[in-house]
Amino acid sequence: MNKALILAGGLGKRMNSPKPKVLHEVLGKPLINWVIDAAKLAGADEIGVVVGHSAEDIYPFLKDVKIFVQKEQLGTADAVKSALPFLDGRILVLYGDMPLIPASTLRKLFDSDADLTILTASLPNPFGYGRVLRKGGKIEKIVEEADATDEIKAIKEVNSGVYAFNSKALLYALERIKNDNKKGEYYLTDSIEILTKSDFKVETIETPDPGTVVGVNTQRELSVLIRRARETINFALMDSGVTIEDPDTTFIGPDAKIEPGVIVKPFTFIYGKTEILSGSTIGPYTTILDCKIGSKSAVISSDCNGAVVGENCSIGPFSRLRPGTIIENNVKVGNYVEVKNSHLFSNVKAQHLTYLGDATIGENTNIGAGTITCNYDGVKKNQTFIGKNAFIGSNTALVAPVKIGDNAFVGAGSTITEDVPPNALALGRSRQVNKEDWVLKKRRESDEK
Ligand code: UD1
Ligand code: CA
């Protein structure tokens, strides 16, 4: 059985942030979820996560994993120890602060067959990392930055923080690791010296791509990783046939799927499990999270979250689509229009200054400027149903729950509190009164005073 144990118990002191380190995001996705997903993709049958500091904040981000709590943060070996019941078979140990580790690298470690295989990297600036000490070419031990002499600090080969253990060797080492070092911590890295001395088979694999194993310890390092991840994703998308006009201002998350033939304009963020089909144009100035956008649609200067949009639609500029929104084909949602938890069928037009919440709107219906579904009565949310081919005049308030039938016509400025039957005209406003010469009379009165 292939297991992966991810250590995320540390405070992340050097981040200087009240937020747990592993919840900081790279392209909309927390560090810990990058690592969990890489382990999954590498074929881990089971994944364990060790949490400690701010554990409750991290729980909501942990799905389909076993959680272990490290009570006190006594070092990386102590963290592994807090997951003792998890430790059998082949165990990949990795840290929750190295988001860019590729699944292909993890797979190589799963496939290695030594008692301990360590992933190393050669870094031009190895500051902060554990250095790899070799004797006759073979790894002998790892020395942490804090404990290193100047001579050791000059070594460029470092411990990436990814290890594949056979569980017997891991348990053997854990029993023997002491905390007699500068930091007074139980270092997992001491297992290398312990196991080589006791004739276990210890090997290394050097990553060909050192940039993928860098960890996040500071806010500056986080920003470097974000840039790196952004370039990797954008370049791969461009190579596949997506047009990204300005990759420097385009942020696309690792789980977004964008088809060749999509055009992404500057200052655009595409995050979460978003899917965008061919021929669509996204941006400029657009944020999309967890949406599906059909082919040949355009989304301009808008904020879309949890919405499904069909083909040939036009969204924006300045539209807001909120979760639960389903928009079918050839729909126009225009400036200052907010849609929440609503279903707009084909050819609906809502082009200006409108709020549609908890509504169903039939095909070919036109929603006039300033239409509001009054869906909230102060206690609960209520539904608005509008049929096909209906016309809702400008500045109409539809007080839900309410139904407007097919082909119905609602006069501008109406407040609709009762259902409107199909084919009817509804006027929910007071009649206009014109008072002839009222202005002239008023002037005369004031002149006489
Ligand atoms: C560690 C390695 C170092 C390696 C570097 C790679 C050790 C002793 N050192 O150093 O050799 O070059 O990573 O990035 O392992 N954690 C816990 N509980 C603890 C302490 C840490 O769960 O008590 C977790 C942290 O949340 C973090 C990971 O372990 O995700 C690594 O801890 P960190 O403090 O970042 O280790 P480094 O000093 O970077
Ligand atoms: Ca680290």
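Residues numbered from 1 in each chain as written. Chains lettered and ligands numbered in written order. Predicted model: local features only at pLDDT ≥ 70, side-chain atom pairs only at ≥ 80, totals over all residues. Heavy atoms only, no water.

A.B. asks: Sorry, what's going on with the overall build of the protein here?
C.D. replies: Regarding its fold elements, the protein presents 9 helices and 39 strands. Against the compact-globule benchmark of 22 Å for 449 residues, the protein has a radius of gyration of 30 Å, which places it well outside the compact range. Seen along its three principal axes, the alpha-carbon backbone of the protein occupies a region of about 105 × 50 × 45 Å. Within the protein, buried positions represent 48% of all 449 residues. A separation threshold of at least 6 residues defines the contact pool for the protein, and within that pool the share at least 24 residues apart is 39%. In the structure as shown, the protein presents an accessible area of about 21,600 Å², 52% of it carried by carbon and sulfur atoms. Computing the positive centroid from 54 side-chain charges and the negative centroid from 55, the protein places the two 3 Å apart. (Helix = DSSP H or I, 4+ residues; strand = E, 2+ residues; numbered from the N terminus. Rg over C-alpha atoms; globule rule 2.2 N^0.38 Å. Buried < 20%, exposed > 50% of the residue type's maximum accessible area, 1.4 Å probe, protein only. Contact = heavy atoms within 4.5 Å. Areas by Shrake-Rupley, 256 points an atom, 1.4 Å probe, with all protein chains shown as cover. Lys, Arg positive; Asp, Glu negative; His and termini not counted. Charge placed at Lys NZ, Arg CZ, Asp CG, Glu CD.)

A.B. asks: Just to check I follow, could you spell out the pairing of strand β6 (residues 90-95) for this structure?
C.D. replies: Successive side chains on a regular strand alternate, one facing one side of the sheet and the next facing the other. Within β6, 6 of the 6 residues are buried, which leaves it mostly tucked inside the rest of the structure. Taking every second residue as pointing to the same face, both faces of β6 are buried, with R90, L92 and L94 on one and I91, V93 and Y95 on the other. Strand direction decides the pairing type here: strand β1 (residues 2-8) and β6, joined by 6 bridges, are parallel. Residue pairing across strands places K3 opposite I91, the latter belonging to β6. (Pairing = 2+ DSSP bridges.)

A.B. asks: What is the right way to read the domain arrangement of the protein from this model?
C.D. replies: Size of an interface: often given as the accessible area lost when the parts come together. Its domain assignment divides the protein into domain 1 (2-213) and domain 2 (238-426). The interface is formed by 5 residues belonging to domain 1 together with 6 residues belonging to domain 2. Summing both partners gives a buried area of about 400 Å² for domain 1 against domain 2, and 67% of it is carried by carbon and sulfur. Here domain 1 is connected to domain 2 by 1 salt bridge. (Domains from an automatic or database assignment. Buried area = accessible area lost by both parts, 1.4 Å probe. Salt bridge = Lys/Arg side-chain N within 4 Å of Asp/Glu carboxyl O.)

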